[in-house]
2 protein chains.
Amino acid sequence: MPQKRESMSELRRDITTGEWVIIATERGRRPEGFSKPELRESSPRAGCPFCPGHESQTPGETYAVRSEGDADGPDWLLRVVPNKFAVVSPESPFDQKHVAGPFPWASGFGYHEVVIESPRHDADLTSMDPGEIHRVLEAYLARAGALRRRPHVRFNLIFRNHGEQAGTSLPHPHSQIVALPLVPSGVRDRLESAARYFGATGRSAYADIFKAESNAGERMIVESNHFVAFEPFASRLPFETWIVPTRHRAAFVDIDSDELLDLARVLGQTLRSLRVVLGDFNYNYVIHSVPCGEERRADFCWHIQILPRLTNAAGFELGTGMEINITLPEDAAARLRAAADHLRGGDSRNTANEASQCSPA
Amino acid sequence: MPQKRESMSELRRDITTGEWVIIATERGRRPEGFSKPELRESSPRAGCPFCPGHESQTPGETYAVRSEGDADGPDWLLRVVPNKFAVVSPESPFDQKHVAGPFPWASGFGYHEVVIESPRHDADLTSMDPGEIHRVLEAYLARAGALRRRPHVRFNLIFRNHGEQAGTSLPHPHSQIVALPLVPSGVRDRLESAARYFGATGRSAYADIFKAESNAGERMIVESNHFVAFEPFASRLPFETWIVPTRHRAAFVDIDSDELLDLARVLGQTLRSLRVVLGDFNYNYVIHSVPCGEERRADFCWHIQILPRLTNAAGFELGTGMEINITLPEDAAARLRAAADHLRGGDSRNTANEASQCSPA
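Residues numbered from 1 in each chain as written. Chains lettered and ligands numbered in written order. Predicted model: local features only at pLDDT ≥ 70, side-chain atom pairs only at ≥ 80, totals over all residues. Heavy atoms only, no water.

*Asks:* Looking at this structure, I do not really get the overall build of chain A. What am I missing?
*Replies:* Broken down by element type, chain A carries seven helices and 15 strands. Taken across its 361 residues, chain A has 57% of its residues classed as buried. When the accessible surface of chain A is summed, it comes to about 14100 Å², and 49% of that surface belongs to carbon and sulfur atoms. (Helix = DSSP H or I, 4+ residues; strand = E, 2+ residues; numbered from the N terminus. Buried < 20%, exposed > 50% of the residue type's maximum accessible area, 1.4 Å probe, protein only. Areas by Shrake-Rupley, 256 points an atom, 1.4 Å probe, with all protein chains shown as cover.)

*Asks:* What is the right way to look at helix α4 (residues 257–278) of chain A in this model?
*Replies:* Along an α-helix, residues three or four positions apart point the same way, because every turn accommodates 3.6 residues. Residues and elements named next belong to chain A. Counted at 1.5 Å a residue, the expected span for α4 with its 22 residues is 32 Å, and the 31 Å between its end C-alpha atoms agrees. In terms of burial, α4 is a largely internal element, 16 of the 22 residues being buried. Looking at the residues trailing α4, positive phi occurs at G279, about 75 degrees. (Expected span 1.5 Å × (residues − 1).)

*Asks:* I keep staring at the pattern of salt bridges and nothing clicks. Help me out?
*Replies:* Here the idea is simple: oppositely charged side chains can pair when their charged atoms come close. Residues and elements named next belong to chain A. Applying the stated criterion across every chain, the model contains 44 salt bridges over all chains. Between R143 and E113 there is a salt bridge, and its shortest N-O distance comes to 2.7 Å. Of the two residues, R143 is situated in helix α1 (residues 130–148) and E113 in strand β7 (residues 111–116); the sequence distance between them amounts to 30 residues. Each member of the salt-bridge network shares a partner with another, and the members are E10, R12, E213, E218, R219 and E330. (Salt bridge = Lys/Arg side-chain N within 4 Å of Asp/Glu carboxyl O.)

*Asks:* How should I be thinking about the interface of chain B and chain A in this particular structure?
*Replies:* A common way to express how large an interface is: the accessible area buried when the components associate. Residue-level contacts link 84 residues of chain B with 84 residues of chain A. Summed over the shared surface of chain B and chain A, the number is zero salt bridges. Across the contact surface, chain B and chain A share 16 residue pairs in polar contact (both at pLDDT 80 or more). A class-by-class count of the residues in the side of chain B that touches chain A yields 41 nonpolar, 24 polar and 19 charged. Taken together, the three bridges between strand β1 (residues 10–13) of chain A and strand β6 (residues 103–107) of chain B define a ladder with antiparallel strand orientation. Looking at the pairing, L11(A) lines up with A106(B) of β6(B). (Contact = heavy atoms within 4.5 Å. Polar contact = N/O pair within 3.5 Å; in protein donor to acceptor, adjacent residues only side chain to side chain. Nonpolar A, V, L, I, M, F, W, Y, C, P; charged D, E, K, R; others polar. Pairing = 2+ DSSP bridges.)

*Asks:* Got a minute to help me understand helix α2 (residues 185–201) of chain A in this structure?
*Replies:* For α2(A), built from 17 residues, the straight-helix expectation of 24 Å at 1.5 Å per residue is met to within 8% by its first-to-last C-alpha distance of 24 Å. Positioned one or two residues after α2(A), G202(A) has a phi angle of 75 degrees, which is positive.

*Asks:* Would you mind showing me how to read the side chain of E330(B) here?
*Replies:* All names here are of chain B. By the secondary structure assignment, E330 is in helix α6 (residues 329–346). Relative accessible area serves as the criterion here: at 14%, E330 is assigned to the buried category. In terms of polar contacts, E330 uses its side chain to reach the side chain of R219, at 2.6 Å. Residues within four places of E330 in sequence aside, it is in contact with R12, E218 and R219.

*Asks:* Whenever I open this one, the sheet that holds strand β9 (residues 174–180) of chain B confuses me. Can you help?
*Replies:* The strands that make up a sheet pair up through hydrogen bonds in the backbone, lying either parallel or antiparallel. Residue and element names in this part refer to chain B. In space, the ten strands of this open sheet follow the order β3-β4-β7-β9-β8-β13-β14-β12-β11-β10, with antiparallel pairing throughout. Single-partner strands in this sheet number two, and they are β3 (63–65) and β10 (220–223). Looking at each pair of strands side by side, their axes are set apart by 15 degrees on average, direction ignored. Set on the sheet, helix α1 (residues 130–148) makes contact with β3, β4 (78–82), β7 (111–116), β8 (155–162), β9 and β13 (283–288); between it and β9 the angle comes to about 15 degrees. (Axes fitted to C-alpha atoms, helices over the stretch in contact; angles between N-to-C directions.)

*Asks:* Would you take a moment to explain the relation of the copies chain B and chain A for this structure?
*Replies:* Placing chain B over chain A gives an RMSD of 0.0 Å and needs a rotation angle of 180 degrees, together with 0.0 Å of translation along the axis. This pairing of chains is accounted for by a two-fold axis. Looking at chain B, 100% of its interface residues are interface residues in chain A too, so the copies touch through the same face. (Least-squares fit on C-alpha atoms with pLDDT ≥ 70 in both.)

*Asks:* Quick question: what am I supposed to make of the confidence of the model for chain A here?
*Replies:* As a general rule, the predicted coordinates of low-pLDDT regions are not to be interpreted in detail. Residue and element names in this part refer to chain A. On average, chain A scores 89 in pLDDT, and the residues at 70 or more come to 88%. Contacts of residues 1–6 to residues separated by more than four positions or lying in other chains number 25 contacts, the stretch itself having pLDDT below 50. Residue range residues 27–32 is modelled with pLDDT below 50. Its contacts to residues more than four positions away, or to other chains, number ten contacts. (pLDDT = per-residue confidence, 0-100.)

*Asks:* Got a minute to help me understand the pairing of strand β11 (residues 227–230) of chain B in this structure?
*Replies:* Regular strands place side chains that alternate from one sheet face to the opposite one. Residues and elements named next belong to chain B. Burial of β11 is two-sided: the residues F227 and A229 facing one way and the residues V228 and F230 facing the other way are all buried. Summarising the sheet, β10 and β11 pair through three bridges and their orientation is antiparallel. Across the sheet, residue M220 finds its bridge partner in β11, namely F230. What sits between the antiparallel neighbours β10 and β11 is a turn of three residues. In the sheet, β11 pairs with strand β12 (residues 241–245) via four bridges, with the strands oriented antiparallel. Looking at β12, one finds that F230 is bridged to W242.

*Asks:* Can you help me understand the packing of aromatic side chains in this one?
*Replies:* Given two aromatic rings, one states the distance between the centres and the angle between the planes to describe the pair. Taken as a whole and judged by the stated rule, the model has 20 aromatic pairs over all chains. On the basis of an interplanar angle of 15 degrees and a centroid distance of 4.7 Å, the ring pair of F233(A) and F103(B) is categorised as stacked. In this pair, F233(A) sits in the loop between β11 (227–230) and β12 (241–245) while F103(B) sits in strand β6, so the two residues belong to two different chains. Of the two residues, F233(A) and F103(B), both sit in the buried class. (Phe/Tyr/Trp six-rings, centres within 6.5 Å; stacked < 30°, edge-to-face > 60°.)

*Asks:* What is the right way to look at the sheet that holds strand β4 (residues 76–82) of chain A in this model?
*Replies:* Residue and element names in this part refer to chain A. As summarised here, the arrangement of the ten strands in space is β3-β4-β7-β9-β8-β13-β14-β12-β11-β10, forming an open sheet in which the pairing is antiparallel. Each of the sheet's edge strands pairs with one partner strand only, and the pair in question is β3 (63–66) and β10 (220–223). In this sheet, neighbouring strand axes are inclined to one another by 15 degrees on average, regardless of whether the strands run parallel or antiparallel.

*Asks:* What's the story with the environment of G199(B) in this structure? I'm lost.
*Replies:* Position of G199(B) among the secondary structure elements: in helix α2 (residues 185–201). Sequence separation of G199(B) and R272(B) is 73 residues, and the distance between their C-alpha atoms is 38 Å.

*Asks:* Whenever I open this one, the packing of α1(A) against α4(A) confuses me. Can you help?
*Replies:* In a pair of packed helices, the angle between the axes and the distance between the axes together describe the arrangement. All names here are of chain A. Running from N to C, α1 and α4 point in directions that differ by 120 degrees, and their axes come no closer than 8 Å. Judged by the angle between their axes, α1 and α4 are oblique. Considering the relative orientation of α1 and α4, their crossing is right-handed. Across the interface between the two elements, P130, I133, H134, L137, E138 and L141 of α1 pack against L260, L261, L263, A264, R265, L267 and G268 of α4. Grouping the amino acids of the contact of α1 with α4 by side-chain chemistry returns nine nonpolar, two polar and two charged. (Parallel < 35°, antiparallel > 145°, perpendicular 65-115°, else oblique. Left-handed = near helix turned anticlockwise from the far one by under 90°.)

*Asks:* Whenever I open this one, the side chain of N161(A) confuses me. Can you help?
*Replies:* Here N161(A) shows up in strand β8 (residues 155–162). Looking at N161(A), its side chain comes within polar contact range of the side chain of N284(A), at 2.8 Å. Here the side chain of N161(A) touches G315(B) through a polar contact of 2.8 Å, landing on its backbone nitrogen. Contacts of N161(A), omitting those with residues within four sequence positions, involve A166(A), G167(A), T168(A), Q176(A), Y283(A), N284(A), A314(B) and G315(B).

*Asks:* Would you take a moment to explain the pairing of β8(A) for this structure?
*Replies:* Residue and element names in this part refer to chain A. Taking burial as the measure, the eight residues of β8 include eight buried ones, the bulk of the element. Side-chain alternation along β8 places F155, L157, F159 and N161 on one buried face and N156, I158, R160 and H162 on a second face that is also buried. Here five bridges tie β8 to strand β9 (residues 174–180), and the two strands are oriented antiparallel to one another. Pairing of F155 across the sheet is with L180, part of β9. When β8 meets strand β13 (residues 283–288), the two strands line up antiparallel, connected through five bridges. Bridge assignment links N161 to a residue of β13, and that residue is N284.

Rendered as structure tokens:
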């Protein structure tokens, strides 16, 4: 006899974007079952343009942290430089849109910088201490703030790619900042969806999510004074994780110094918990924030979206924009909470700090 | 001295979606430079649920082509069966939307079928003759037509995943059809963009593209009586290829029999040309078409979008919805035209047919 279908599924709607996701878990599927990317041999330091001593292989610094010495010298703790293979550049003219027949185009004006997070080639956010992560976040804040004040810049994105499946092959730890003279349609869609929710309910979707997740707890991973980290109800990808501030602000650049210190701890805890469950997983994270001049919006709250790259999008997702997620967010959260508990128990250095952060805010 | 940036880039707007793409070519980058996925050992036929003799490992047929014998017996040329690991199912209730706190959800109602394209485990669309490909297209047409008439179905997608980077690990050649009780937001966005273009110009964006590409020729690959295959001006991915009918119709299911025969030839030629340039490349294709009841739209034209999976999306793309394409579509088209010419010269069986197809329509 032909066999029956084995799976049932559920559609869930992300109230921040209005998009439906299909949650289709396969019985017995476990994170261990995801195809693990082969870990490539790290590029030898000799060939790494981001390692100390190779400063001449990158464009000149726009920001750096060093105890002493000259710009573009070797004694640094963190550097920010223009991307040598920039996708947009201030050297391109900021020109009007052109047309070629029916086709609109424009020069690739903008800024594209790389945050080289550590002089250590093998460092990783999951092994850095909160002070080192804080230094990275300070660089984000300084450079995003500066680029947003440049003429013609309308929007910037801060993001990080870890591993080849996440779109990078350069293992030296780094993040990127891109600033553009336009607001990409995916960003505009997110904002319009937030505005519609606010218009219909009088409340921010992000505030509603924050409240619901804190109360329910079943998708929660880490709670601190200023942030919550959780698996969203309509997770698009297995182990998708959001970090949302308790203080509702539209723009990341409006974070205050206490929040920045707390975020360094929460980001580290969250990534370490993911690593316990998933191994050295490939991931992207992005900081969703508002375009320039929209910092006062009440309908949107900046947040970090961590996107593990465990599966490959297929034709259905590419054709519809609708994701199929094979992991129940509640299951992912339970595993990540257990990992976070384990890390608190096992890491005496951080026990006191982390225990206090995890009491409800 | 720190080095200067090396790349310049261009922004291009897809007039069918309104989305901008960054075309950022890196000097000297060639298709050969894309990371090639390791070709996995094909699953042994013994374990392949789609091979003849293993019919009991799938749910029962909804459509089949066989010369003789019973349904679900082994003597078939093509089978369509419900997906055993369906992402949506008619066994799920078609219910109203529910809410859990602020979170909307619904049961995963719908249809998910697999088109097993050949009894041959190692067959591939690039090696099938036009008759075999035509059989596959006939199955698409029959099953999409049937599913669109089912109660509650609002939309269907026909798609194909080839290779692990394209989201499949089952090597036996197959396509998929999903039918849903809703129109995904990515589909709705595409239609609204087409409506806006039509409203502003009085013309279909697809008709304008067809005319411009035919006239310019620089992004054209194959032209036949009923179809053109070309690299779109604002290609989102390297070697993205569209096949668009000369007769402007909104719904794939309204294709006529002459067109279906011609499409079998053009699809085969196009995929073979891509294979000459890219090797056994991973790809998805999707047939973009309209939701049920919108078959009369004048602003939209159904088309096939072939998406080679040569690169991995990174944080920028995931955070903005804006793609970065490192290959100039005009360069990709020149290589694919050369490959198409080479195939016509080298394949005496098809020379006459294909030469006649390639005269301008």
